[in-house]
Structure formats: C-alpha cells, structure tokens
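Read off the chains here:
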Amino acid sequence: MTSETVETGGSEHAASMMRPVTVALAAGLALLAVGVVLVLQRSPLTQVGSNSIPAKEYAEVANGEVAACQPAGPIPLYTSAIRMSIEARAVGPAVVVAVIAGSRVVSHGRQPAGWGTAPTVTVPIERLDRAISGARVCTSVGPSVEPLRVHGVRSGASAAGAAGPFGRIAMRMEYLRDGAHTWWSLASATVRRMGLGGPAEGAWIGFAPVALVLIVVVLLSRLILRELP
Amino acid sequence: VSGRSPQRPRSIAAVKGAGSTKPVGARDCACGARVARRAPRLELTPLLERLRAIPRAAWICAAIACLNGASWSIVNPPFQIPDEPAHFAYTQQLAENHSLPTSSEMSYSPEEQVVLRDLHQYEVQGSPEVHTIASGAEQRQLREDLDKHLSRHGGGGVEGAYSSPPLYYLLQTVPYELASDGSLLDQLQLMRLLSALLAGVSTLFVFLFVREVLPAVHWAWTVAALAVALSPLLGFMSGAMNPDSMLTAVCAIGFYCLARGFRRGLTPRLAIAIGLVTAVGVLTKVNFIGVAPGLILGLVLLSVRAARTQGVAAYRALAIALAIALAPACVYVLANLLSSHPAFGVVSSNLKTTGYGSLFSKLSYVWQLYLPRLPGMHSDFPGLFTARRLWFDRSVGFYGWLDTSFPLGVDNLALIPFAVVALLGIRALVSARAQLRRRWLELVVYATMGIGLFLLIGLGSLSNRASEGLGFAEPRYLLPLLPLAAAWLVLSARGAGRRWGPVVGVAIVVLALGHNVFSQLLVIGRFYG
C-alpha cells in the first residue's frame, strides 16, 4: 500500500475529534464499571436439590439422538437450571429438557450443542414459581457427533417412559437456582480462596488482578487520549 | 537535517524524531582507547536505534499485554489450563534429567504428582461445580508437602506434550532454574510470567505488522494492538505455561517480516530473519507446520521480486534462508530415519488420514469443521453449527480445562459487535478494492498461512477423531493468526469513516477490555466462588 498517504489529521481536525473520543472513552469505561457492579450484584447458581440418584455408574451412548424420561423427585421452588450428568468427550450435543407434571409441561430449556469437556451439562430452564413433586424430566440429547456417557445408576428395568439407551440408566440430576448470597457478599471469601493453593499466600493475591487491571485501564486511557485524534 | 554532515546517515530514530539526533557512537570516536573499550556498545547501536524507532504506543501496548498476561497468571489456578501439568513436566524433564521426554505415558516427578494431588487438580479439572482448595488444612498439607522437597526427577513420560518440539520448554528452563530454590509453585508462576512476556512480544509485532500492512491511519494501529493486548484468549494462554504463547509470538514476527518485505522490499537480512523465524516456529510447536508453507511461499515470492534489483544476491539470500528454515525439519527427519521411526515421527501419525475416505471426504470434513455444509457434502457434524458453536462461542469464552464458558445469552450478545466489526471491515475493503487488487500476491501469502493452519487443525482433528473426538476444535489454536484479526480491526475502525472512526476505535478497545474483565471474573467465579 505504498501509494497510500499518511493521514496527518491536522490540528483542527484533531481538536474537533478530541471531545468525541474522550466522551466515548469515559462513557465506555463508565458502562463497564456499571456492568461489573450489576454482575457482582447477581448470585451464583447454587444446588438446592437433586433426584437423589448417585452418579456411581455410567452408560455409553453412541452417536445419534436419544431421548428418555425419568422421575424427577422433588424439584425446589425457583429452580432455574438442571445439571444433567451427561459427559461429553470434547463437544457436547444439544440437550433439551422438559419438566412434566401430570400431562402438562411446567418448564423447559435447552443447551445448544458445543459445550465442552465436563461430566455434567447445565441446562437453563424457565424458572419454576412453585416447588413440584411427582414430576418427570424428559431429556432429549443429540444428534451427537461423539459418544457420550450418562452417569447415574443402572436400573434393571427401564425407567418409566424411557426410550433408547437412556432406559438402561437412571441419570443423576441436580436442581439449581440463584443462591442467597450475591457475588459482592461472597467477595471476601473468594479473595481469601484466591490466596490458597498458589505460589504465595494471603488475601492480597486476590487484589493483585484488580490492581493490574486498574493499571491497564490507566495506561490504555492515556494512550487512547494521546494517540487517537 | 540541514547543517549536519552528510557523511554519516542519520539513524531511523533521528529521522522519526524519536530520541537523540546525535549518532550514538560519535562521542566515542574522540578517544581511541575509549572506542576499544566500548566496542560492544558500537555493535549494539543499530539494534538500539531500531528499537528506538518503534513507536512508544507499540511499547505501551506490549506492556499492557504483559500486565494482562500477569493478571491471568494469578487468576488461572495452578495446573488448571489445558495440558499445563504435562508442559511443566516436559520442562522439568529437560531441567532435571537433561533429556527429552521418553514417552506419552504419565510419569511425572514425585513432587509434581504430590502437588497435583494436594491441589485436587484431577477433581477440579473438567468439573465446573468443583472449586479449588478452600481450607487452611488443605493449604497446610500443600505447604508441608512442598517443604519436603520431594524428588524433581520424573520418569520421562509427559502425556500429550511428548509430541511437542523442545524450544519453548528449553526457554522455560530459565525461569525454572531461576526459581529452583523456591517451591514448584514458585517455578510455575515464574514460567507463566515468561509466557506473559511473550504476549508482549506478540502484541509488539502485531502493532508493527498492521503498521506495515495498513500504514495510512496511525491511530488505528494503536486500536488494533490494544484490542489484541486485551484479548482474553491471548491473556488466558499467556497466563499459563503453554507453547501456544510462544507460537503466537513467533507467528506475529513472521507476519511482520513478510509485511515489511512486501512494503519495503526484501533485504538479505530480512530473508534470513524469515528463515530464522521459520526454524524457530518449527522448533516451537507442531502447529507451526500449518503456517510454514505460507511463510516460505512469501519468502520465495519476495526473493523473486528482489532479484529484479539485487540479481543473484537475492537468490543467495533465499538459499541461506531456506537452509536455515528447513534445517530443524531435516535434522528431525534424519533422526527419525536413523532410529527406524516414520520419517515425520509424531507429525505423520497425527496427520495420518488414510482410512478416512477419499480426498473429497477429508476436505469436506475440514470444510465443515469451520463452515456450514455445502450441497453434496455428507454431514460430518449433524446438529452442530460448527462456525458458531465451536469457533465463535468458544472464542467468546472457553476457559479452564475447556469447561468454563459464558451463559448462552452472552454468546448471543457478542454477535452484535462482531457483526458491526465485520461489516465495517467489509466496507473498508470495498472502498479500497483497487489497492487490494494491486496487493493480491501479498494477500495470497497471508491466505496460504491461514488456510494452512486451518487445514492442519482440520486434518489433525480428523485423524484423532476416534481418540479425542473434536478435541482439536479450540480457538487457541488459531492464535497464530492474531495479526490478521488485528488487521481486520484496523479496517473496521477505518471503515467507520474519518469522523466516526476514532470513536469506533475507542468502542473496540473498551469492548476488548470489558470482554477481558468479565472473562477474568468468570474464571474467578468458576474456581474460587
């Protein structure tokens, strides 16, 4: 691009653009700070119940699509996600969940394909506004590009309403909802924990990333105000 | 310039107005004895002048990348990054046993095994609901075991790192030895900081690359380099002990050398630099083999172009550069042949795709690994939109042992700025299409480097499909193409026009910063929450 000419900008142009750049930077950083505060005011998902089936054994599920229903046990109030004991090797398939009470679907959710290496997958569902007992959870998995493992307990007879390989195992499920404590209120415990298991001990470790990010913000702000017209 | 003696050319720094205009060696010439004593300094002068010629903005961007990597090195718990235990074991093998790893088994040193156990590494890995150690008792146990000074001699088995070339690990023996009086965790932290330093090198050369490739708008270089410096994926991998950090830096240097050659012409020194970069890349990580053909193609094309003015000297430089570039590969092949192994060793077994159908089906697989299936292709990834789910979503956030990602809503939200950046870049390309046509050869070289890497990852994924599934679908493997992403960001900022370009530039940087901050919070919440 040797034919390109260097844009010198000109002092007049630079002066006219300085204000928008400053305003954009200030607004961006302010929005970011507000975003951080809002995120920290939320609560982490916490396990509040399960279907009481231990993840002792597993069944291999070959590639393809499988679906099964099984008793859910008591599902607590405000449950907003279900952690299913489905293990992917590297790329998990789509998982669709429906909570059925009687003949009515009271909640449902979906985790698209692509989730990573983990012995469980958490599927967000519509928040339950009441506790439910005697419901069933129907799970549809796939199509899968890799074999999967479903963890739970092998059952002699197929689970009620089961179809396909899921019928050979009763899957462990855990029910999650927003915890009672916000991230803010957990901050001191989190910072303390960051000081464990590392090269140095102490809560100051937890503040080091904060300090480094603040230095980065100062450096980049000065650089932007200096370099951008 | 006027009034100065024309006998001595002024330094680049002086021409640019950075640093002193007085030639560094001039004062020393007044006294013969002092000249002799300071001879090494004189030799350093051209290098120092070149360093001084680099804009201060580039250094600041590099410093920001280092700080970001350092922050991630604290946020990432020890050994909770893909393959970090294996990479550490490789370095320990080199430093303590003075030999290369001997197998892909897991036979770490007693010290490393105990630390992994005390940190509950295996329980935490891949299980987002399991956090790092939290009690004083666990910490005391860890400290007691570290104080036992257990053996640092492993059995030579380093799992997946066995197939890796040794250069990065050799480099890592420096911080390993420097911290050898401390604990294993001290050593690991210092090794991570070396990776953070490499993030600074990557960012510095990304800045220089976009300056060469898109020289028209100065401020846009800063925008692109800042976005790269703040990239959470680069920070995540640079806050870890992983050869990807060095591979990214080496590739950034390679891109810069090519861009410099295409813009200013190839000098013998630059040709040899490209050869060196290729050799270093081959010795850094196997994935470099995907980028190397493009680099060598660029070198050859530049040499042919240079031969018009330099004559045979250009081809002589090319021959030297190719000899340097291919030397490590030749030594590797020779060593394999002498030891009755396949000529290309683990590389050939990793890329062995016989038994996976016709050439078309292999190419079809590689295509679908990145892009939507075309009519006539057999579906290799049923129910999976690979471009979106494997590459985009995972680029938004995929941390820890590939078990930590943002909620789906964040991935969806990220589509908006991505689309805006893409459209602005396209707009800039359309308006500069005449220049693009003139530079098609250069673009072909960069495209060859990119396609080579995509092919390598795709074929690696295909040949390891049975054992690893889609384990190769990790955005970190695309980090060597970071300079091209940065060039796109420059185009996007310029695509917004003269009036709004700087504002869009600020938005890009603040978005990168926000992405980085929320990514670190995500990892903190996952491991320590």
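Here, every reference points to the structure presented above.
Residues numbered from 1 in each chain as written. Chains lettered and ligands numbered in written order. Predicted model: local features only at pLDDT ≥ 70, side-chain atom pairs only at ≥ 80, totals over all residues. Heavy atoms only, no water.

Caption draft 1: Local environment of the overall build of chain B. A tally of regular secondary structure across chain B gives 25 helices and two strands. Counting across all 529 residues of chain B, residues that qualify as buried make up 54%. The contacts of chain B with a sequence gap of at least 6 include a subset with a gap of at least 24, amounting to 75%. As presented, chain B carries roughly 22,000 Å² of accessible surface, and 67% of it is formed by carbon and sulfur atoms. (Helix = DSSP H or I, 4+ residues; strand = E, 2+ residues; numbered from the N terminus. Buried < 20%, exposed > 50% of the residue type's maximum accessible area, 1.4 Å probe, protein only. Contact = heavy atoms within 4.5 Å. Areas by Shrake-Rupley, 256 points an atom, 1.4 Å probe, with all protein chains shown as cover.)

Caption draft 2: Just a nonpolar patch on the surface, in detail. Taken together, the side chains of Leu47, Leu48, Leu51 and Trp59 of chain B define a hydrophobic patch exposed on the protein surface, amounting to about 340 Å² of accessible area. If one sorts the elements of the nonpolar patch by residue count, helix H3 (residues 39-53) of chain B sits on top with three residues. (Patch = residues over 30% accessible without salt bridge, like charges linked within 9 Å, V, L, I, M, F, W, Y side chains within 5 Å. Salt bridge = Lys/Arg side-chain N within 4 Å of Asp/Glu carboxyl O.)

Caption draft 3: Looking closely at the interface of chain B and chain A. Contact residues are listed per partner, giving 81 residues for chain B and 62 residues for chain A. For the pair chain B and chain A, the summed buried area comes to about 5,900 Å², and 70% of that belongs to carbon and sulfur atoms. When the buried surface of chain B facing chain A is broken down by residue, Arg498, Val506 and Tyr528 of chain B rank first, second and third, together holding 10% of it. Our count for the contact surface shared by chain B and chain A stands at one salt bridge. Across the pair Glu201 of chain A and Arg143 of chain B runs a salt bridge whose closest N-O atoms are separated by 3.1 Å. Taken together, chain B and chain A are joined by nine residue pairs in polar contact (both at pLDDT 80 or more). Of all the elements in the fold, those that place two or more residues in the side of chain B that touches chain A are helix H4 (56-75), helix H8 (136-147), helix H10 (184-213), helix H11 (218-229), helix H19 (386-396), helix H21 (433-438), helix H23 (465-468) and helix H25 (497-528) of chain B. Broken down by element, the side of chain B that touches chain A gets its largest block of residues, 17 residues, from H25 of chain B. (Buried area = accessible area lost by both parts, 1.4 Å probe. Polar contact = N/O pair within 3.5 Å; in protein donor to acceptor, adjacent residues only side chain to side chain.)

Caption draft 4: Expanded view of helix H24 (residues 482-495) of chain B. Residues and elements named next belong to chain B. Between its terminal C-alpha atoms H24 stretches 20 Å, which fits the 20 Å expected from 14 residues at 1.5 Å a residue. For H24, the full list of buried residues reads Leu482, Pro483, Ala486, Ala487, Leu489, Val490, Leu491, Ser492, Ala493 and Gly495. Positive backbone phi, approximately 95°, marks Gly497, located one or two places after H24. (Expected span 1.5 Å × (residues − 1).)

Caption draft 5: Examining the packing of helix H2 (residues 187-194) of chain A against H25 of chain B more closely. Contact geometry for H2 of chain A and H25 of chain B: axes closest at 10 Å, N-to-C directions at 80°. In terms of orientation, H2 of chain A lies roughly perpendicular with respect to H25 of chain B. Of the residues in H25 of chain B, those touching H2 of chain A at Thr190, Arg193 and Met194 of chain A are Ile524, Phe527 and Tyr528 of chain B. (Axes fitted to C-alpha atoms, helices over the stretch in contact; angles between N-to-C directions. Parallel < 35°, antiparallel > 145°, perpendicular 65-115°, else oblique.)

Caption draft 6: Main features of the packing of aromatic side chains. Residue and element names in this part refer to chain B. In the structure shown here, the tally under the stated rule is 17 aromatic pairs over all chains. Both rings, one in Trp72 and one in Tyr399, keep their centres 5.3 Å apart while their planes meet at 40°; by these two values the pair is tilted. Taken as a pair, Trp72 in helix H4 and Tyr399 in the loop between H19 and helix H20 (408-431) lie far apart in primary sequence, 327 residues in all. Judged by relative accessible area, which is 1%, Tyr399 ranks as buried. (Phe/Tyr/Trp six-rings, centres within 6.5 Å; stacked < 30°, edge-to-face > 60°.)

Caption draft 7: Looking closely at the pairing of strand S7 (residues 104-111) of chain A. Residues and elements named next belong to chain A. Here strand S6 (residues 95-101) runs beside S7; their pairing, made up of seven bridges, is antiparallel. Within the sheet, the bridge partner assigned to Val95 lies in S7 and is Gln111. Hairpin geometry of S6 and S7 is characterised by an intervening segment of two residues between the two adjacent antiparallel strands and by a positive phi of about 65° at Gly102. (Pairing = 2+ DSSP bridges.)

Caption draft 8: Broad picture of unusual backbone geometry. Between Gly142 of chain A and Pro143 of chain A the backbone carries a cis peptide bond, its omega angle lying at 5°. Inspection of the secondary structure puts Pro143 of chain A in strand S9 (residues 132-144). Positive phi outside glycine occurs at His120 of chain B, with the angle close to 55°. Although it is not a glycine, His149 of chain B adopts a positive phi angle of roughly 50°.

Caption draft 9: Geometry of the sheet that holds strand S1 (residues 45-50) of chain A. All names here are of chain A. What the four strands build is an open sheet, ordered S1-S12-S4-S8; its pairing is antiparallel. The sheet is open, and its two borders are formed by S1 and strand S8 (121-124), each paired with just one other strand. Taking the axes of each pair of neighbouring strands and ignoring which way they run, one obtains an average angle of 30° across the sheet. Bridge count between strand S4 (residues 81-84) and strand S12 (residues 173-178): four bridges; the pairing is antiparallel. The residue bridging Met84 from the neighbouring strand is Met173, located in S12.

All we've got here are geometric facts, nothing functional implied.
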